[in-house]
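# Descriptive analysis of the structure
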Amino acid sequence: MTSLLAFLFVLGVLVFVHELGHFAMARRLGIRVLTFSLGFGPKVLKVRRGDTEYCISAIPLGGYVKMAGESPEDRHTGAGDEFMSKSKWERFLVLVMGPAMNVVLAVLVMWIVLYQGAEVPAYEQQPPVVGRVVEDSPADRAGIAVGERIVSVAGRVVDTWEALFVAVLPRAEREIPIVVRDAQSRERTLQIVPDARTQFAMGDLGVGPEMRAQIVSVTPGDPADRAGIAVGDVILEIDGEPVAGNDLVERISGSGGTPLTLTLRRGEDREQVTVTPAARGDRAVIGVGFSEFEFRIVEPGLLEAFGMSLERNYEWSGLIFQTLWGLLTAETSPRQLVGPVGIAQLSGGAAQVGWVALFSLMAMISLNLGILNLLPIPVLDGGHIFIMAMEGVTRRDFSMRVKERMLMAGLVVLMMLMVTVIYNDLTRIQWIEALLPWR
């Protein structure tokens, strides 16, 4: 139920904003709007105000704004309030305003999210020096070692862990060249096929940064509190041996209650404290809550948050275009495409994490919707804009028959895309996938 409600909320907001863009610009230019609908199919709720019927329709997978004289099959009287009576520039403004509103929404929503502040992994902006290699992973089989730095992926230089993850993510199960550099600055190129992880087939090499646990809470009166361990401390070593964040619980609980010497990083200083874990049931604890990785707290001001939102959406846009190009060149697996069921699953998961995760997802989907609607595929807003641009170049309007054929071609492309995403969505449902022998 959470997934369904979150999905309807996210999709409802995105569709409403998109169609509101078309509607507002049409009304601004004096075009008569016949219908403003959220959803397709039979109208469940409707109310008329002036010339416009506002309604909610039965199939909540989109929406539409119906304008007078808009479609080729409509009867055109030549009245000044019809869509086709307007200049190409005015029609362009109406068409582009829907996607533009989605882009604006993405920027505004991320502005609000980022202004709240957040804890982000410190390693994301650090150079991708390998701190751990998962056993039997693509990186392990290729011979990548701890301490080596990954220089580039598929010809693309990666300066940070975040850039590395973005470069690998769309290339699951595709052989790609990866350049690594050792401590002596010697470089070698490896041909590696990233594994497909999660139900969304995300590319993964099986490498990660060196991760150290950071204390996020200390229970008053417990051993850690008595030893002077404080929130923000980073645990580097236990009894002189380096310890990763994901190994901390095992090291402490398996200590048998004997005193442990912890080496901490506190700010710029290194300190050592001795703490004796207390027995709790069948394990030992010191009374701390911790993050498996170091994090930094981002608390931007209002203008800084806006700039960060623009930067974040710019990065997302680059990833969208990279994925589209990867689909065209067969570098990106079509299995990564997500349809309504996948969006519902993502929305439900984000809603359970909290409103920040849900709104971040909404911003990302809104940006996707805005950009994809501008693709030059007939039926989409970008397709109609492309047809008008071609008419402008040739200095003549295409016949209705030519336009209908172009729209039909666009519809075929969209249907193929729809079949792909629905198939992907169905295979992400465990019991359905079990019925497919080729999976």
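Owing to the predicted nature of the structure, the values given are computational and were not obtained by experimental measurement.

Reading the values: rules and limits
- Residue positions are given per chain, counted from 1 along the sequence in the order it is written.
- Predicted model: local features are reported for residues with pLDDT of at least 70 only, side-chain atom pairs are reported and counted for 80 or more only, and whole-chain, interface and lining totals are derived from all residues.
- With hydrogens and water set aside, each side-chain value is computed from the structure's full complement of heavy atoms.
- Helix numbers and strand numbers start at the N terminus; a helix is a DSSP run of H or I with at least 4 residues, a strand a run of E with at least 2.
- Here a helix's expected span is defined as the number of its residues, less one, multiplied by 1.5 Å.
- Exposure is judged per residue with a 1.4 Å probe applied to protein chains only, and the accessible area is read against the type maximum: over 50% gives exposed, under 20% gives buried, and values in between give partly exposed.
- Each nonpolar core is a collection of buried residues, namely Ala, Val, Leu, Ile, Met, Phe, Trp, Tyr and Cys, held together in the definition by side-chain atoms within 4.5 Å.
- In what follows, residue pairs with any heavy atoms lying within 4.5 Å of each other are defined as contacts.
- Here, a salt bridge means any Lys or Arg side-chain nitrogen found within 4 Å of an Asp or Glu carboxyl oxygen.
- A fitted line through C-alpha atoms represents every axis, and for helices the fit uses only the stretch in contact; the resulting angles, taken between N-to-C directions, go from 0 to 180 degrees.
- Any angle that is under 35 degrees is reported as roughly parallel, and any over 145 degrees as roughly antiparallel; angles of 65 to 115 degrees are reported as roughly perpendicular and all others as oblique.
- The handedness criterion is simple: a crossing whose near helix is rotated anticlockwise from the far helix by less than a right angle is left-handed, and one whose near helix is rotated clockwise is right-handed.
- Strands are treated as partners if at least two bridges between them are detected by DSSP.
- Classes in brief: Ala, Val, Leu, Ile, Met, Phe, Trp, Tyr, Cys and Pro nonpolar; Asp, Glu, Lys and Arg charged; the others, Gly included, polar.
- pLDDT is defined as a per-residue confidence score from the predictor, taking values between 0 and 100.
- A residue counts toward a patch only above 30% relative accessible area and without a salt bridge, and it is joined to like-charged neighbours within 9 Å or, for Val, Leu, Ile, Met, Phe, Trp and Tyr, to nonpolar neighbours within 5 Å.
- For the area figures, the Shrake-Rupley method with a 1.4 Å probe applies, and any residue is considered shielded solely by the protein chains shown.

For the rest of this paragraph, the subject is helix α9 (residues 355-372). Compared with the 26 Å implied by 1.5 Å per residue over 18 residues, the 25 Å span of α9 between its first and last C-alpha is a close match. By the burial criterion, the buried members of α9 are Leu358, Ser360, Leu361, Met362, Ala363, Ile365, Ser366, Leu367, Gly370 and Ile371.

Moving on to the nonpolar core. Ranked by size, the top nonpolar core spans 20 residues in total, and within it Val10, Leu14, Val109, Met110, Ala363 and Leu367 carry the most contacts. Broken down by secondary-structure element, the contributors of at least two residues to this core are α1 (2-28), α2 (88-115), α7 (302-328) and α9. Top contributing element to this core by residue count: α9, with seven residues.

The next subject is the environment of Trp355. Looking at where Trp355 falls in the secondary structure, it is placed in helix α9. Residue classification places Trp355 among the partly exposed residues on the basis of a relative accessible area of 42%. A C-alpha to C-alpha distance of 9.0 Å links Trp355 and Val113, two positions 242 residues apart in sequence. Apart from residues lying up to four places away in sequence, Trp355 is in contact with Val113 and Gln116.

Glancing now at the pattern of salt bridges. Applying the stated criterion across every chain, the model contains 15 salt bridges. In this structure, Arg141 engages Asp136 in a salt bridge whose closest nitrogen and oxygen atoms are separated by 3.6 Å. Residues Arg212 and Glu210 are paired through a salt bridge, measuring 2.9 Å at the closest nitrogen-oxygen approach. Within this structure, Asp136, Arg141, Asp195, Arg197 and Asp204 form a network of salt bridges that share partners.

Here we come to α7. Between its first and last C-alpha atoms α7 spans 39 Å; for 27 residues at 1.5 Å apiece the expected length is 39 Å, and the two agree. Taken together, the buried positions of α7 are Ala305, Ser309, Asn313, Trp316, Ser317, Ile320, Gln322 and Gly326. Turning to α7, the residues buried within the fold contact α2, β6 (156-157), α4 (161-168) and α9. Of the residues trailing α7, Ala330 is marked for its positive phi of about 65°.

A few words now on unusual backbone geometry. For Asp136, which is not a glycine, the phi torsion comes out positive at approximately 60°. Structurally, Asp136 can be placed in the loop between β4 (132-133) and α3 (138-142). A positive phi angle, near 55°, is found at Asp239, a position not held by glycine. Tracing the backbone shows Asp239 in the loop between β13 (234-238) and β14 (241-242). By relative accessible area, Asp239 is classed as partly exposed at 44%.

All right, on to the packing of α2 against α9 then. Where α2 meets α9, the closest approach of the two axes is 8 Å, and the angle between their N-to-C directions is 155°. One way to sum up the angle between α2 and α9 is to call them roughly antiparallel. Where α2 crosses over α9, the two elements pack in a sense that is left-handed. Of the residues in α9, those touching α2 at Pro99, Asn102, Val103, Leu105, Ala106, Val109, Met110 and Val113 are Trp355, Val356, Phe359, Ser360, Met362, Ala363, Ser366, Leu367, Leu369 and Gly370.

Let us now look at the sheet that holds β6. Read from one edge of the open sheet, four strands run β6-β5-β7-β8, paired in antiparallel fashion. Each end of this open sheet is capped by a strand with a single partner; those strands are β6 and β8 (187-192). Across the sheet, α4 touches β5 (149-153) and β6, and the angle it forms with β5 is around 40°.

Let us now look at the packing of α7 against α9. Running from amino to carboxyl end, α7 crosses α9 at an angle of 55°, the nearest separation of the two axes being 10 Å. Considered as vectors, α7 and α9 are oriented oblique to each other. In this structure, α7 meets α9 at a crossing whose hand is right-handed. Packed against α7, whose contacting residues are Asn313, Trp316, Ser317, Ile320, Phe321 and Leu324, the element α9 presents Ser360, Ala363, Met364, Leu367, Asn368, Ile371 and Leu372 at the interface. Among the residues making up the contact of α7 with α9, the classes are represented as nine nonpolar, four polar and no charged.

Of all residues in the protein, 90% have pLDDT values of 70 or greater, and the mean over the chain is 84. The spread of mean pLDDT over the elements of the protein runs between helix α12 (residues 430-433), the lowest at 54, and β5, the highest at 94.

Attention shifts here to a nonpolar patch on the surface. Taken together, the side chains of Val379, Met408, Leu411, Val412, Met415 and Met416 define a hydrophobic patch exposed on the protein surface, amounting to about 560 Å² of accessible area. Here Val379 lies in the loop between α9 and α10 (381-394). Exposure remark for Val379: the relative accessible area of 35% places this residue in the partly exposed category.

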